[in-house]
Amino acid sequence: MDSHFSPAYLQNLLQTLKSSKIYTDLHNAAQSEIAKTNVRVSELKKGVQSGLAASGWERKLRNTIYQYLQTHALSSHPLSTPAEHIKEPFVYLRKAQQAWEKRILKSLNSMCTELNIPLARKRPDKEQKDLLSRWTELGTDGPDLSQIRPVYAPKDFLEVIMCLQNPNYNAGDSSGTYTLWGLVQLPLKLNDINRLRILYSDMAINQCQTGVDDSGDIPPEMFDSDRVKLGKKVIAGDHGPLAQEYAKKGCPVSLRAELWCQILGIELDEFDTLYYEQLKANVIAHDLLVDSLLYKDVKLTATNDDQYFVFEDYLYQILLPFTRDTEMLKHFSRNSASPPKSYIRGKLGVEEFAVIYPPNGVIPFHGFAMYVAPLCYLYKEPVKLYYVFREIYTRYFFRLHSISSHPQGILCLSLLFETLLQTHEPELFFHLKSVGCQPLKIAFKWLVRAFSGYLSSDQVLLLWDRVLSYNSLEILPILAVAIFSFRKTNLLKVQSYNAAEAVLADLTTLQVIPLIQLGLFSK
Amino acid sequence: MSKITRVPGYMQSKGNRNRGPIGDREIRYKCSMQNTILDVLRARPGWQEVSGPNTAANQQQPGQKGSATGSQPAKDKNGPATSSTGGTTTTKTSNQTTTPSNQMTGTTTTTKSSIVNRGFPTPQPTPRIVDGDWDFYWCDREWLHANYDTMFLQEHQKILHFRNHYELTRKNLMVKNLKRLRKQTEREMGKKEAESFDFFPTTYELPSEYHIFVEEFKKNPGIIWIMKPAAKSQGRGIFLFRKLKDITDWKKGEYQPLTDPNREVPETYVVQRYIENPYLIGGRKFDIRVYVLVVSYNPLKVWLYRSGFARFSNSRFSLDSIEDAYVHLTNVAVQKTAPDYDPDKGCKWATQQLRQYLTAKHSADAARKVFQGIDNIIIKSLQSVQKIIINDKHCFEMYGYDVLLDSKLKPWLIEINASPSLTASGKDDYDLKYGVLNDVLNVLDLENRLTGKEKRVGGFDLIWDDGPVLADDGSMECSVNGSSTTANSFLGCHSERKKQLREIYTAAQALKKSVAS
């Protein structure tokens with residue numbers, strides 16, 4: 001292996017591999033290789049290795065290691081770095097995140113007290129049976145939601161972000177030269193446009209793309225047929241990095257489901273199904289307040305959406321088990337956020353009676369269900385849908401609603417949006433700013449939801465193709481800037497925030513890939 | 001409300017021109033509907049509304065589908081489209097405020113009266129009106145029945161509906177025609193070929209085929225049947241049953257002359273084997289609405305619209321509650337009365353969305369097969385009446401096909417409507433219907449802007465022109481490799497109708513110029 005893997009990193013990797021299922025699987029496979037008659041004792045090692053390669057185990061191991069590399073960034077910190085520094089190196093951002101968590105929790109608790117409902121309760125047997133019997137149609141008879149309101153919306157989160165200040169950085173008063181034009185006032189390191197062009201060079205205009213060159217007006221012989229043929233070959237190869245490389249130019253609709261599974265390293269076995277069933281049993285046993293929040297969210301978003309209303313029941317089958325999934329807690333070692341804690345009644349503040357609430361540590365906000373909704377177009381079986389969603393969430397989407405300095409955190413993405421827009425459309429930015437409409441105020445909700453629910457579903461999936469394949473969320477602000485550029489003529493005419501919002505209210509007609517190309521490569 | 005005065009004799013002077021005598025004057029239209037079609041006609045540049053009896057301009061058409069309550073919101077949403085044609089033709093949507101013109105007194109009653117009057121001289125078709133005051137008439141079926149036999153149409157005039165359109169739209173006749181063509185095909189081309197007709201469930205006409213039905217019923221105990229009035233639409237009078245007792249009870253009620261004194265013969269019903277394994281999305285049943293335009297039956301010339309929608313039932317599908325119509329019928333008209341119907345939500349998907357879903361969930365081939373199956377349904381059903389429909393070059397018909405998929409992704413023909421609802425249920429729906437109707441006018445091309453050789457006009461693709469139409473293989477270079485074998489059918493495919501229209505109009509213009517010079 002290359003030398004840029006630190007010994008500590010390799011050690012961690014080996015540790016993880018040893019404790020995972022693939023280790024025992026490989027062990028067993030190696031033993032059965034040895035037992036084969038054609039292996040000579042003199043060439044035992046070589047024989048077993050080639051045997052494992054031939055039976056596909058080597059590729060499986062490679063895939064597993066690749067998934068580890070994808071999710072565990074190389075850290076330049078020495079081993080002894082405290083965990084909280086790995087979560088978030090800046091103290092002021094750490095504090096801001098903690099304050100934000102406290103605020104969410106407080107609002108959740110006050111809703112509990114106000115409405116006099118417990119955070120969690122065991123369901124009586126009768127209710128359990130009833131719930132089990134209508135598991136596949138949970139949407140028909142949900143709980144009373146009239147009193148429930150979302151804990152927070154992207155708008156509230158934006159207000160917090162606007163107030164963030166780096167205490168070590170003094171830009172003078174607000175009119176000073178060093179003050180940025182936008183809402184995010186933090187000095188964070190960003191990729192500039194040239195760097196982005198190199199990163200996304202596969203999206204260049206001279207490259208054929210799924211999402212542009214497969215449109216109905218172009219005969220399939222020109223591009224689409226070959227693309228699908230190649231895609232089938234890639235799928236047959238069953239190799240994560242290969243699928244990821246292929247997806248950089250977009251996935252054909254009919255192959256996307258399988259390609260994404262390979263990119264994310266999802267291969268379901270009976271244990272996964274069992275685990276999902278376990279989560280489902282937990283949903284049936286206990287009623288949580290967050291369930292109502294999720295119900296409310298689905299009713300407010302997906303059920304009202306022409307594209308997603310049919311999937312209402314699927315969404316519950318994913319979101320409710322998701323809240324019970326304690327495997328999710330692992331991702332908090334990489335997340336600047338920490339799982340919220342609650343205390344058993346009467347033991348407030350006593351650490352040993354603290355429980356993580358909800359069990360997965362994620363309090364849903366308004367629009368959370370939209371992270372799942374587009375995936376319903378891809379997977380019919382809830383179990384597969386569940387694991388794909390969980391993987392995408394723990395790789396990418398959690399960064400969209402926690403305060404951190406990570407280059408793909410919402411802070412950097414927001415700042416990237418503002419900087420790019422200022423650089424490319426200074427006239428537009430200045431105009432909008434001067435009529436009291438900071439562009440980020442409109443674009444922020446797009447970013448937080450990764451555009452889900454704003455674009456038409458096929459376009460969202462084409463966009464997420466690129467998120468997965470480039471392993472980065474930076475495409476989101478690039479698209480947001482391109483949308484502003486694209487509607488520039490009309491935006492330059494607006495004189496108020498509402499007018500600007502109206503211009504950008506309907507994005508369902510947009511074609512994202514040509515827009516991204518426009519934003520990245522046109523100037 | 002004065003009629004627009006014309007130069008007398010304009011018709012004669014230009015009457016012998018090849019493609020209609022409408023030179024550079026406006027096209028005059030009549031319309032008896034109150035909904036989207038009127039918006040389309042009014043917004044069309046160079047078209048002028050003719051007032052007269054039985055037009056939207058001065059009366060509310062009572063027999064019209066969807067009625068005024070439905071058409072109103074759609075128009076509100078689309079203010080600019082309706083605001084044309086000045087004050088003379090301001091639409092009045094309420095019956096009370098309408099003052100029928102003198103000669104019309106007494107005929108604004110229900111449309112039943114005009115059916116009853118069929119065959120007798122009716123007061124409304126005064127010679128002045130049928131004479132050719134209009135170039136284009138979007139009439140209702142009842143009007144056509146009453147007037148078709150007595151009117152004389154000029155060369156260029158276009159009117160909606162064929163004389164005996166009911167051959168396809170009445171459920172019993174549709175099945176009868178399909179069964180006949182199936183038999184003929186089996187005789188002439190063998191069993192294999194006849195299997196391509198297996199797209200409608202076992203169906204019997206009641207009361208005439210009651211005995212055959214009972215026999216069939218006893219052969220397959222336990223299956224569910226669906227009973228539909230042959231002539232009604234929008235889900236009225238439909239119910240499901242499993243036991244013969246249910247139907248005998250109903251028979252007593254239905255066939256008693258007391259229920260409706262005007263009815264002398266029992267109403268015709270069809271009873272159909274219910275498709276018990278529909279394809280479900282999110283646990284919901286749906287059917288697909290497909291728009292088809294027939295401009296001629298001899299030779300058969302069929303255009304298929306790319307867009308359409310899938311209508312979802314409001315509740316989850318289950319066979320436990322067969323008396324719950326909301327689960328089983330996907331008609332918007334039925335769903336609208338469901339207790340938790342939310343008009344803003346709209347239980348609809350665009351056909352594009354459905355195609356995308358099927359492609360992602362199954363495969364591109366599976367989706368293609370579904371839509372090929374739908375093409376087959378359209379062609380076969382139209383062929384089944386090709387020799388029966390009285391062809392008339394003045395007539396055209398826009399059909400709304402309702403197709404259901406079963407769990408094996410096989411499409412089934414549910415019914416064909418000759419007056420598909422044009423009342424919009426929301427903005428997207430309005431845009432769709434507005435586009436369809438506009439493209440109907442574009443295909444008919446009264447303005448004479450096209451060359452007549454187009455295979456695609458806006459969202460419409462020509463799928464049958466006295467034989468299958470093949471898709472262009474796009475670029476010039478490809479055509480060297482031999483012609484492609486894909487049909488020119490793009491249901492559920494991307495439709496950029498406006499862009500396409502611009503292109504063909506420019507092309508046609510250029511061609512005409514070069515021919516002239």
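Before any of the text, the structure's been laid out above.
How each quantity is defined
- Residues numbered from 1 in each chain as written.
- Chains lettered and ligands numbered in written order.
- Predicted model: local features only at pLDDT ≥ 70, side-chain atom pairs only at ≥ 80, totals over all residues.
- Heavy atoms only, no water.
- Disulfide = S-S within 2.5 Å.
- Buried < 20%, exposed > 50% of the residue type's maximum accessible area, 1.4 Å probe, protein only.
- Contact = heavy atoms within 4.5 Å.
- Buried area = accessible area lost by both parts, 1.4 Å probe.
- Salt bridge = Lys/Arg side-chain N within 4 Å of Asp/Glu carboxyl O.
- Polar contact = N/O pair within 3.5 Å; in protein donor to acceptor, adjacent residues only side chain to side chain.
- Helix = DSSP H or I, 4+ residues; strand = E, 2+ residues; numbered from the N terminus.
- Pairing = 2+ DSSP bridges.
- Expected span 1.5 Å × (residues − 1).
- Axes fitted to C-alpha atoms, helices over the stretch in contact; angles between N-to-C directions.
- Parallel < 35°, antiparallel > 145°, perpendicular 65-115°, else oblique.
- Left-handed = near helix turned anticlockwise from the far one by under 90°.
- Nonpolar A, V, L, I, M, F, W, Y, C, P; charged D, E, K, R; others polar.
- Phe/Tyr/Trp six-rings, centres within 6.5 Å; stacked < 30°, edge-to-face > 60°.
- Lys NZ or Arg CZ within 6 Å of the ring centre and 35° of its normal.
- 1 Å grid on protein atoms, 1.4 Å probe; cavity = no way out; pocket = protein on both sides within 12 Å on 5 of 7 lines; lining within 4 Å.
- Points joined across faces, edges and corners; volume = space filled by probe spheres on them.
- Core = buried A, V, L, I, M, F, W, Y, C linked by side-chain atoms within 4.5 Å.
- Lys, Arg positive; Asp, Glu negative; His and termini not counted.
- Arc of directions from axis to C-beta.

Covalent bonding between the sulfur atoms of two cysteines is what defines a disulfide. Residues and elements named next belong to chain B. By the definition in use, this model includes zero disulfides over all chains. With no disulfide partner, C139 has as its closest neighbouring cysteine sulfur the one in C395, 8.4 Å distant. For C139, a relative accessible area of 0% translates into the label buried.

This paragraph deals with the interface of chain B and chain A. The interface of chain B with chain A comprises 29 residues on the first partner and 30 residues on the second. Both sides together, the interface formed by chain B and chain A hides about 2,400 Å², and carbon and sulfur atoms give 52% of it. For the interface between chain B and chain A, the tally reads one salt bridge. The salt bridge involving B:R284 is made with A:E312; its shortest N-O contact spans 3.8 Å. Inspection of the region where chain B meets chain A yields seven residue pairs in polar contact (both at pLDDT 80 or more). Looking at the side of chain B that touches chain A, the elements with two or more residues in it are β11 (348–350) and α15 (351–361) of chain B.

Residue and element names in this part refer to chain A. On inspection of all chains with the given rule, the structure shows 43 salt bridges over all chains. Between K488 and E425 there is a salt bridge, and its shortest N-O distance comes to 2.9 Å. Placement of K488 in helix α22 (residues 488–491) and of E425 in the loop between α17 (410–424) and α18 (426–434) is noted, with a sequence separation of 63 residues between them. Two residues, E501 and K445, come together in a salt bridge whose shortest N-O distance is 3.7 Å. Residue E501 is located in helix α23 (residues 497–503), and its partner K445 is located in helix α19 (residues 439–448); the two are separated by 56 residues in the primary sequence. One network of salt bridges, in which partners are shared, links R121, R123, E127, D287, D291 and R324.

So, on to the pairing of strand β1 (residues 27–31) of chain B. Residue and element names in this part refer to chain B. Counted residue by residue, β1 has five buried out of five residues, so it is predominantly covered. Side chains I27, Y29 and C31 of β1 all project onto a buried face; the interleaved residues R28 and K30 project onto the opposite face, where all are buried too. Of the strand pairs in this sheet, β1 and strand β2 (residues 47–49) are connected by three bridges, and their pairing is parallel. Bridge pairing in β2 links Y29 to E49.

Okay, the environment of B:S318 next. Structurally, B:S318 can be placed in the loop between β10 (300–312) and α13 (325–328). Residue classification places B:S318 among the partly exposed residues on the basis of a relative accessible area of 22%.

Between its terminal C-alpha atoms helix α16 (residues 382–395) of chain A stretches 20 Å, which fits the 20 Å expected from 14 residues at 1.5 Å a residue. Burial analysis of α16(A) places 13 of its 14 residues in the buried class, the great majority of the element.

Let us look at unusual backbone geometry. With an omega of -10 degrees, the peptide bond between A:Y357 and A:P358 qualifies as cis. A cis amide bond links B:N298 to the next residue, B:P299, at an omega of 0 degrees. With respect to the helices and strands, B:P299 occurs in the loop between β9 (286–297) and β10. One non-glycine residue, A:F451, lies in the positive phi region at around 70 degrees. One can find A:F451 in the loop between α19 and α20 (457–470).

So, on to the environment of A:A443. Positionally, A:A443 belongs in helix α19. Excluding residues that lie within four positions of it along the chain, A:A443 makes contacts with A:F417, A:A480 and A:F484.

Here the focus is the packing of helix α2 (residues 21–34) of chain A against helix α4 (residues 57–71) of chain A. Residue and element names in this part refer to chain A. Running from N to C, α2 and α4 point in directions that differ by 165 degrees, and their axes come no closer than 11 Å. Comparing their axes, α4 and α2 come out roughly antiparallel. α2 and α4 meet at a crossing whose hand is left-handed. Contacts from I22, D25, L26 and A29 in α2 reach W57, K60, L61 and T64 in α4. Per-class residue counts for the contact of α2 with α4 are five nonpolar, one polar and two charged.

The next subject is the packing of aromatic side chains. A complete count under the given rule lists 60 aromatic pairs over all chains for this structure. Aromatic side chains B:F136 and B:W138 sit 6.4 Å apart centroid to centroid with 35 degrees between the ring planes, which places their arrangement in the tilted category. Assigned by exposure class, B:F136 and B:W138 land together as buried. Put simply, the rings of A:W100, A:Y152, A:F157, A:F322, A:F365, A:F368, A:Y371, A:F389, A:Y393, A:F397, A:F444 and A:W464 pair up and form one aromatic cluster. The ring centre of B:F309 lies 4.2 Å from the NZ or CZ of B:K348, which sits over that ring. If you follow B:K410 out to its NZ or CZ, it ends over the ring of B:W412, 5.0 Å from the centre.

This part is about empty space enclosed by the protein. Vacant regions in the atomic arrangement are exposed by a probe of water-molecule size rolled over the atoms. Residues and elements named next belong to chain A. Across all of its chains, the model carries seven cavities of 30 Å³ or more by this definition. Considered as a void within the structure, the second largest cavity measures approximately 210 Å³ in volume. Looking at the second largest cavity, it is lined by 19 residues, and the ones nearest its centre are E101, I104, A337, G361 and I363. Of all the elements, helix α6 (residues 91–115) adds the most residues to the lining of the second largest cavity, at five residues.

Grouped together as the largest cluster of nonpolar side chains are 214 residues, with contacts concentrated most on A:W446, A:F484, B:W349, B:L382 and B:Y401. Residues in contact with B:L382, not counting those within four places in the same chain, are B:L168, B:V292, B:V294, B:Y297, B:L300, B:V302, B:Y399 and B:Y401. Ranked by size, the runner-up nonpolar core spans 40 residues in total, among them B:V295, B:L422, B:L432 and B:F460.

In this section: the packing of α17(A) against α19(A). Residue and element names in this part refer to chain A. The interhelical angle for the contact between α17 and α19, taken along N-to-C directions, is 135 degrees, at an axis separation of 11 Å. With respect to α19, the element α17 is oriented oblique. Considering only the axes of α17 and α19, their crossing is right-handed. Here I410, L413, S414, F417, E418 and L421 of α17 lie close against α19, whose contacting residues are P439, L440, A443, F444, L447 and V448.

Turning our attention to the sheet that holds strand β5 (residues 203–206) of chain B. Residue and element names in this part refer to chain B. An order of β5-β8-β6-β7 is seen for the four strands of this open sheet, with the pairing classed as antiparallel. Bordering the open sheet on either side are β5 and β7 (239–241), each of which pairs with just one other strand. Looking at each pair of strands side by side, their axes are set apart by 25 degrees on average, direction ignored. Across the sheet, helix α9 (residues 171–189) lies against β5, β6 (225–229) and β8 (269–273), angled at about 130 degrees from β5, the strand it touches most. Its contacts with the sheet place helix α11 (residues 210–219) against β5, β6, β7 and β8, and it is angled at close to 140 degrees to β5.

So, on to the side chain of A:D297. All names here are of chain A. Structurally, D297 is set in helix α14 (residues 289–300). The side chain of D297 is buried and forms no salt bridge, while R449, the nearest opposite charge, is found at 6.3 Å. Apart from residues no more than four positions distant in its own chain, D297 is found in contact with A302, F365, H366, G367, F368 and A369.

What follows covers helix α18 (residues 497–516) of chain B. Residues and elements named next belong to chain B. For α18, with 20 residues, the first-to-last C-alpha span of 28 Å sits near the 28 Å given by 1.5 Å per residue. What α18 keeps buried is the set R497, Q500, L501, I504, Y505 and A508. For α18, the angular spread of the buried residues around the axis is 130 degrees, confining them to a single face. Counted as exposed and oriented over 90 degrees from the buried face of α18: K498, R502 and K513. Where α18 is buried, its residues touch β10, α17 (427–444) and β14 (456–457).

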